[in-house]
Amino acid sequence: MSTLELHVDVGVPVDKAWETLHRVENYPSFVEGVRGARTEAGGRAHLDVEAGGRATEVEAEVSDRGERVGERVMEWLTTSAPELTGSFSVQPIDQNRTRIQARLEYDPSTVRDTFGGPKGFAQTNAIERLVRSDLEHFKEYVERG
């Protein structure tokens, strides 16, 4: 498994960042390749994804780990291919700024088999660029209101 951790600081209060991150239906607005998303019963999410010229449906279980020392954590785990695990940590910097920390654990060969794309180091770089871009899009989205 490979692990990727990146963060972005956004110019909104922690509550606004947390609420926006929790609205799965908004993900097509800031997550590359997500064409549709919806929340389902039992803490599940459904995403229609297109990547590497391939369309696929991804199901995930989403849970809140709660608040610990000013930090809120949302964890997710795909229940369909590709096998991915991740979390978003939302931490207040001050009254009007928040840090979003994204953590993604994935098997590069499984991601390549599902979505195509390069092998090895090139794939790791592509995934890092994609996650970094998604975080920047989230920043733009949440700051626009």
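For the structure, see preceding data.
Residues numbered from 1 in each chain as written. Predicted model: local features only at pLDDT ≥ 70, side-chain atom pairs only at ≥ 80, totals over all residues. Heavy atoms only, no water.

**What to know about the environment of Val 142**
Along the chain, Val 142 falls in helix α3 (residues 120-144). Once the C-alpha coordinates of Val 142 and Val 12 are considered, the two residues, 130 residues apart in sequence, prove to be 7.4 Å apart. If we skip the residues at most four places from it in the chain, Val 142 touches Val 10, Val 12, Lys 16, Ala 17 and Thr 20. (Helix = DSSP H or I, 4+ residues; strand = E, 2+ residues; numbered from the N terminus. Contact = heavy atoms within 4.5 Å.)

**Regarding helix α1 (residues 14-22)**
The complete set of buried residues in α1 reads Val 14, Ala 17, Trp 18, Thr 20 and Leu 21. Viewed end-on, α1 has its buried residues packed into an arc of 165°, placing them on one side of the element. (Buried < 20%, exposed > 50% of the residue type's maximum accessible area, 1.4 Å probe, protein only. Arc of directions from axis to C-beta.)

**Quick look at the environment of Arg 144**
Mapped onto the secondary structure, Arg 144 falls in helix α3. Sequence spacing of Arg 144 and Gly 11 is 133 residues, and the spatial spacing of their C-alpha atoms is 9.8 Å.

**Digging into the side chain of Ser 87**
Inspection of the secondary structure puts Ser 87 in strand β6 (residues 84-94). With a relative accessible area of 13%, Ser 87 lands in the buried category. Apart from residues lying up to four places away in sequence, Ser 87 is in contact with Val 73, Met 74, Glu 75, Trp 76, Gln 101, Ala 102 and Arg 103.

**Looking at the pattern of salt bridges**
A side chain with one charge can pair with a side chain of the opposite charge if their charged atoms come near. Taken as a whole and assessed by the stated rule, the structure comprises 10 salt bridges. Salt bridges sharing partners connect three or more residues here, namely Glu 5, Arg 103 and Glu 105. (Salt bridge = Lys/Arg side-chain N within 4 Å of Asp/Glu carboxyl O.)

**Some points on the packing of aromatic side chains**
All told, the structure shown has three aromatic pairs when counted by the stated rule. An angle of 55° between the planes, with centres 5.2 Å apart, marks the rings of Tyr 27 and Phe 30 as tilted. Ring geometry for Phe 30 versus Tyr 141: centroids 5.4 Å apart, planes at 45°, classification tilted. Residue Phe 30 is found in the loop between α1 and β2 (34-40), and its partner Tyr 141 is found in helix α3; the two are separated by 111 residues along the sequence. (Phe/Tyr/Trp six-rings, centres within 6.5 Å; stacked < 30°, edge-to-face > 60°.)

**Side note on the side chain of Thr 78**
Along the chain, the position of Thr 78 falls in strand β5 (residues 71-78). A polar contact is formed between the side chain of Thr 78 and the backbone oxygen of Ser 80, at a distance of 3.4 Å. In this view, Thr 78 contacts Val 58, Glu 59, Ala 60, Glu 83 and Leu 84; residues no more than four positions away in its chain are not counted. (Polar contact = N/O pair within 3.5 Å; in protein donor to acceptor, adjacent residues only side chain to side chain.)

**What about the pairing of strand β3 (residues 44-51)?**
Looking down a regular strand, the side chains alternate between one sheet face and the other. In the sheet, β2 pairs with β3 via six bridges, with the strands oriented antiparallel. From the neighbouring strand, Glu 40 faces β3, where its bridge partner is Arg 44. Count of turn residues in the β2/β3 antiparallel hairpin: three residues, of which Gly 42 carries a positive phi of about 75°. (Pairing = 2+ DSSP bridges.)

Shape is all these values report; function is a separate question.
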